[in-house]
Each structure stands twice: as structure tokens, then as C-alpha cells.
Amino acid sequence: KMKKIFSSLFIITLLISCSKNKTGSMVVNGNIDGLKKGTVYLQKYKDTLLVSVDSVQLNGLNTFVLVDELESPEIYFITLDKKADERITFFGEKGELTVNSKLDKFSTSAKITGSKNQEKLEEFNDIYRQFNSKQLDFIKEKFEATKINDTAALSNIEKNEANLIERKYYYTTNFSIQNADKEIAPYIALTELYNANIKLLDTVNNSLTNEIKASKYGVELEKFINDIRKKE
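First things first, this report covers the structure right here in the doc. (Residues numbered from 1 in each chain as written. Predicted model: local features only at pLDDT ≥ 70, side-chain atom pairs only at ≥ 80, totals over all residues. Heavy atoms only, no water.)

1. A look at the overall build of the chain
Phase 1 of the analysis: Assigned secondary structure in the chain consists of seven helices and eight strands.
Phase 2 of the analysis: Here the C-alpha radius of gyration of the chain, 23 Å, is well above what a compact globule of 232 residues would show, namely 17 Å.
Phase 3 of the analysis: If you line up the chain on its principal axes, its C-alpha atoms span 90 × 45 × 30 Å.
Phase 4 of the analysis: Every one of the 232 residues in the chain was classed for burial, and the buried ones make up 38%.
Phase 5 of the analysis: Long-range contacts, defined here as pairs at least 24 residues apart, represent 57% of the contacts in the chain between residues at least 6 apart.
Phase 6 of the analysis: Considering the chain, the positive charge centre built from 34 side chains and the negative charge centre built from 33 side chains are found 5 Å apart. (Helix = DSSP H or I, 4+ residues; strand = E, 2+ residues; numbered from the N terminus. Rg over C-alpha atoms; globule rule 2.2 N^0.38 Å. Buried < 20%, exposed > 50% of the residue type's maximum accessible area, 1.4 Å probe, protein only. Contact = heavy atoms within 4.5 Å. Lys, Arg positive; Asp, Glu negative; His and termini not counted. Charge placed at Lys NZ, Arg CZ, Asp CG, Glu CD.)

2. Side note on the packing of aromatic side chains
Phase 1 of the analysis: One pass over the full model with this rule turns up ten aromatic pairs.
Phase 2 of the analysis: Aromatic pair Phe-131 and Tyr-171: ring centres 5.7 Å apart, planes at 40 degrees, arrangement tilted. In this pair, Phe-131 sits in helix 2 (residues 116-147) while Tyr-171 sits in helix 3 (residues 151-178), placing the two residues 40 residues apart along the sequence. For the pair Phe-131 and Tyr-171, a shared accessibility class is recorded, and that class is buried.
Phase 3 of the analysis: Arranged with centres 5.1 Å apart and planes meeting at 55 degrees, the rings of Tyr-187 and Tyr-217 form a pair that is tilted. Within this pair, whereas Tyr-187 is found in helix 4 (residues 184-192), its partner Tyr-217 is found in helix 7 (residues 216-231), the two being separated by 30 residues in sequence.
Phase 4 of the analysis: A relative accessible area of 18% means that Tyr-187 is categorised as buried.
Phase 5 of the analysis: Note on Tyr-217: relative accessible area 7%, which makes it buried. (Phe/Tyr/Trp six-rings, centres within 6.5 Å; stacked < 30°, edge-to-face > 60°.)

3. Thoughts on the sheet that holds strand 2 (residues 37-46)
Phase 1 of the analysis: Strand order in the open sheet made by the four strands is 3-2-5-6, with antiparallel pairing throughout. In this open sheet, the two strands that pair with only one neighbour each are strand 3 (49-59) and strand 6 (83-92). Adjacent strand axes in the sheet meet at a mean angle of 25 degrees when their direction is disregarded.
Phase 2 of the analysis: Bridging between strand 5 (residues 74-80) and strand 6 involves seven bridges; their strand directions are antiparallel. When the bridges of strand 6 are listed, Thr-79 appears paired with Arg-87. (Pairing = 2+ DSSP bridges. Axes fitted to C-alpha atoms, helices over the stretch in contact; angles between N-to-C directions.)

Okay, here's the thing in C-alpha cells:
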């Protein structure tokens, strides 16, 4: 009878252990076209340090598998020893992800599938790039106006630029609210609203679900807002 009890306890413990490993693991299946030899690294930030959490040495193959344990979705990077100045940035999640890229366009040709947060990040970036492109145009126009001392034109450009920045902040805030049940919401608030009005940060923070509030970026957003308030 005691043997049966111990046996049952062992099976239950094993099932719990397997369940924990399964739900906490991210498996990245990668393919880099054109890569035959080199080391591929999976990296992420721990506090403020960029650390490698897994790596694989390739010799004759361009496919690889990288694994990490994570508590909640967060930003990861894939880097190569032979392309130290480039990296693939993606939103990692529990489960299986696929990363396909080309060696000659390592970071720009990357296609990532299997992450809901990554899909939303790409959607956000598509629009955000348009804001940034327009802002660069304003910077060039301001430079030209300053060169010829056209104060009226400069004043008008600065007004339009301020309106653009405000629209950019509101777009980020609205996007975060619409995705309050995903980790991307506090992430883009932290990365794109850090110097915006604290009311916008509060609006995003208050919209988050309890699960997202408890995530890595949810906790960081709460701390960031509290730190701002302490300095006021």
C-alpha cells in the first residue's frame, strides 16, 4: 500500500515538473540562409546587462534550436559571432517560435512567427516608422530654415513637429490600451512614452489586466511611474 502511495506521489510530482518545464520554455527554431559556420547566440537583458542565455555552434548547417526559460514574454535578441554589429530583435514567448533570416541581410530580412506579442510589435512599428520618418523631415527642414535665418518658417516647422510628437504619443497610448491584455502594452509605454506626460503612462498602466501588471514589463512600468512621482 505504501509503495502505491509513493508511486502515485512520484507520478504527480513528475507531471507537475513536466508541466512547469513545458509552460516555462521558449524554443526558437531558426534558419539563417547562407550561414554555414559560426556561433548563434540567444540574448536578453537581465537588469541592465545584455547576457547570452543559450548558444549553438554551426558547422555545415544553417538551422539551429535555441531554448530559454521565461516567466513572461520579453524582448530577445539573436546575434552571430561574425556579425557583431547586427542583431535580430523579437518578442519571445513560451512555446515554439520560428526565426528565418538571410546572412547578407541578417537583421532586416528576419521573419518571426509563433509570438502574438511579436505580431503586435510589428503592427505597431509599421505605423511608428511613419511618424519617425516625418520627424526626420522636420529636422532637415529646421536645419534649412535656420541656415537662411527664416524665423517664421522655423516657428511653423517647430509647431508642426510638436503636433506630430503629440500624435505619436497618443497613437502609442491608444495602441497600448487596445492591447492591454498583452505584454507589448507596458513594453511600448516604457520604450516610447518614457518622456511623455505621466498622465499617459498612468492611463496605460490603469488599463492593464492583472496578469499583464504582474509580468516583467508590467512590474517595470509600475516602478517607473512610482519613481517619477517620487521626484516630483
